[in-house]
Amino acid sequence: MKKRLFSILVAAFLLIVLCPTALGDGTAVNVTAFGWEYYDLSAEVCAIVNEERAAAGLSPLSRNAHITELAMQRAAEIALYYSHTRPDGTSCFTVFDGLNAYKAENIAAGYASPEAVMEGWMNSEGHRANILNGVYSYIGVGCFKSASSYCWVQLFSSNIPDTTPTDNVDAAVPMCRSISTLPEYIDADISCGSNVTVDVGQSLSFTVQNVNPVFAQCRLMLVPEPVGNDQLVAIDVENGSVTITGLYPCTTEVALPVYPGEASPLSITVTVTGASGLPGDANSDGVVNSADALLIMRFSLGAGGTLPPNADFDGDGIINSADALLVLRSSMGL
Ligand SMILES: [Ca+2]
Ligand SMILES: [Ca+2]
């Protein structure tokens with residue numbers, strides 16, 4: 001796995017408020033990203049940071065609860081767009097919500113452990129300078145893993161309104177993070193391809209994965225809000241995974257928008273094979289209507305062919321004109 005490191009050194013309050021909000025508000029959209037957060041690895045990185053600081057004669061940083069959450073948010077954001085610029089086009093420091101302090105951010109992706117990412121950072125002058133800077137008192141480390149390797153973020157600050165430390169060491173916490181992003185950073189595909197076939201009653205699961213425009217090996221699960229014909233297929237979304245279950249034989253489209261009003265969302269063509277279980281659906285197209293009634297009537301008049309068992313609408317064991325009439329009445333809502 002290719003690895004990436006970026007750093008930004010000490011940015012003062014005035015610098016931040018004078019920074020333009022890059023590409024402007026109003027164009028960003030909100031997407032939901034799914035991944036797992038590793039507070040255990042976050043704590044390990046902080047411990048190594050303080051070992052390095054002790055070796056350099058510096059005081060330790062307090063692992064701050066609030067900054068840790070901000071770093072977890074940033075870790076999800078760099079999985080979408082690998083940069084010190086946030087996906088919405090603003091500086092990374094906007095995550096501090098206007099805090100007047102000396103602040104810095106280190107980011108990395110592709111490193112498999114706290115030891116590995118810290119070694120990478122300590123061997124890079126700018127990152128090392130952030131880790132070994134006496135101006136900071138607080139640290140938060142984000143560690144987020146979605147459809148590819150870990151994304152790491154260190155945030156440093158000279159002060160923070162809420163100084164509460166954290167000892168959270170939870171591992172692999174499943175998490176949906178809302179991310180404000182410019183639509184041009186959305187470049188997603190479907191993990192199983194755009195055409196699938198399932199049998200009636202069978203399910204298939206897949207994820208919608210965004211390709212990071214800066215670091216293509218970094219992929220992020222986006223949580224879509226699928227739109228399909230729920231008479232034909234059942235759709236469930238859980239932990240970033242979409243599950244489609246075939247209900248009736250058909251070929252149908254399921255759209256997978258990742259934000260409201262997306263103009264050209266991804267879609268998947270689902271072909272459901274097998275016999276329809278829908279009473280009266282003689283042609284197994286998932287809809288009961290006059291076409292089925294006509295088919296049953298022709299069959300009952302000796303036109304030949306075969307009909308599925310559910311053409312026997314009244315369940316008396318015979319497919320005849322009584323079924324055709326009942327299907328017609330049913331399709332008319334009578
Ligand atoms: Ca039908
Ligand atoms: Ca019958």
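Conventions adopted
- Residues numbered from 1 in each chain as written.
- Chains lettered and ligands numbered in written order.
- Predicted model: local features only at pLDDT ≥ 70, side-chain atom pairs only at ≥ 80, totals over all residues.
- Helix = DSSP H or I, 4+ residues; strand = E, 2+ residues; numbered from the N terminus.
- Rg over C-alpha atoms; globule rule 2.2 N^0.38 Å.
- Contact = placed C-beta atoms within 7 Å.
- pLDDT = per-residue confidence, 0-100.
- Axes fitted to C-alpha atoms, helices over the stretch in contact; angles between N-to-C directions.
- Parallel < 35°, antiparallel > 145°, perpendicular 65-115°, else oblique.
- Pairing = 2+ DSSP bridges.
- Left-handed = near helix turned anticlockwise from the far one by under 90°.
- Nonpolar A, V, L, I, M, F, W, Y, C, P; charged D, E, K, R; others polar.

As for the overall build of the protein
Piece 1. Within the protein one finds 7 helices and 15 strands.
Piece 2. Relative to the compact-globule value of 20 Å for 334 residues, the protein shows a C-alpha radius of gyration of 28 Å, a clear excess of over 25%.
Piece 3. Dimensions along the principal axes, computed over C-alpha positions, put the protein at roughly 95 × 35 × 35 Å.
Piece 4. For the protein, restricting intrachain contacts to residue pairs at least 6 apart in sequence, the fraction spanning at least 24 positions comes to 71%.

Re the confidence of the model for the protein
Piece 1. Of all residues in the protein, 93% attain a pLDDT of 70 or more, and the chain-wide mean is 91.
Piece 2. Of the regions scoring below 50 in pLDDT, residues 9–25 engages in 26 contacts with residues more than four places distant in sequence or in other chains.

As for the packing of helix α6 (residues 290–300) against helix α7 (residues 321–331)
Piece 1. Put simply, α6 and α7 touch, their axes get as near as 8 Å, and they point 170 degrees apart. Viewed along their axes, α6 and α7 adopt a mutual orientation that is roughly antiparallel. Only Ser321, Asp323, Ala324, Val327, Leu328 and Ser331 of α7 make contact with α6, whose side of the interface consists of Ser290, Asp292, Ala293, Ile296, Met297 and Ser300.

Some details on the sheet that holds strand β14 (residues 250–256)
Piece 1. In spatial order, the strands read β9-β15-β14; together these 3 strands make up an open sheet with mixed pairing. Strand pairing shows two members of the sheet lacking a second neighbour, β9 (195–199) and β14, which therefore form its edges. Recorded for the sheet is a direction-independent mean angle of 30 degrees between the axes of neighbouring strands.
Piece 2. Relative to strand β15 (residues 266–273), β14 is paired through 7 bridges, and the arrangement is antiparallel.

Details of the packing of helix α2 (residues 39–55) against helix α4 (residues 114–122)
How two helices sit against one another is set out by the angle between their axes and by the gap between those axes.
Piece 1. For the pair α2 and α4, interaxial distance at closest approach is 9 Å and the crossing angle is 40 degrees. Taken together, the axes of α2 and α4 are oblique relative to one another. Seen from above, α2 lies across α4 with right-handed handedness. Side by side, α2 and α4 meet where Leu41, Glu44, Val45, Ile48 and Glu52 of the first sit next to Pro114, Val117, Met118 and Met122 of the second.
Piece 2. Of the residues in the contact of α2 with α4, the class split is 7 nonpolar, no polar and 2 charged.

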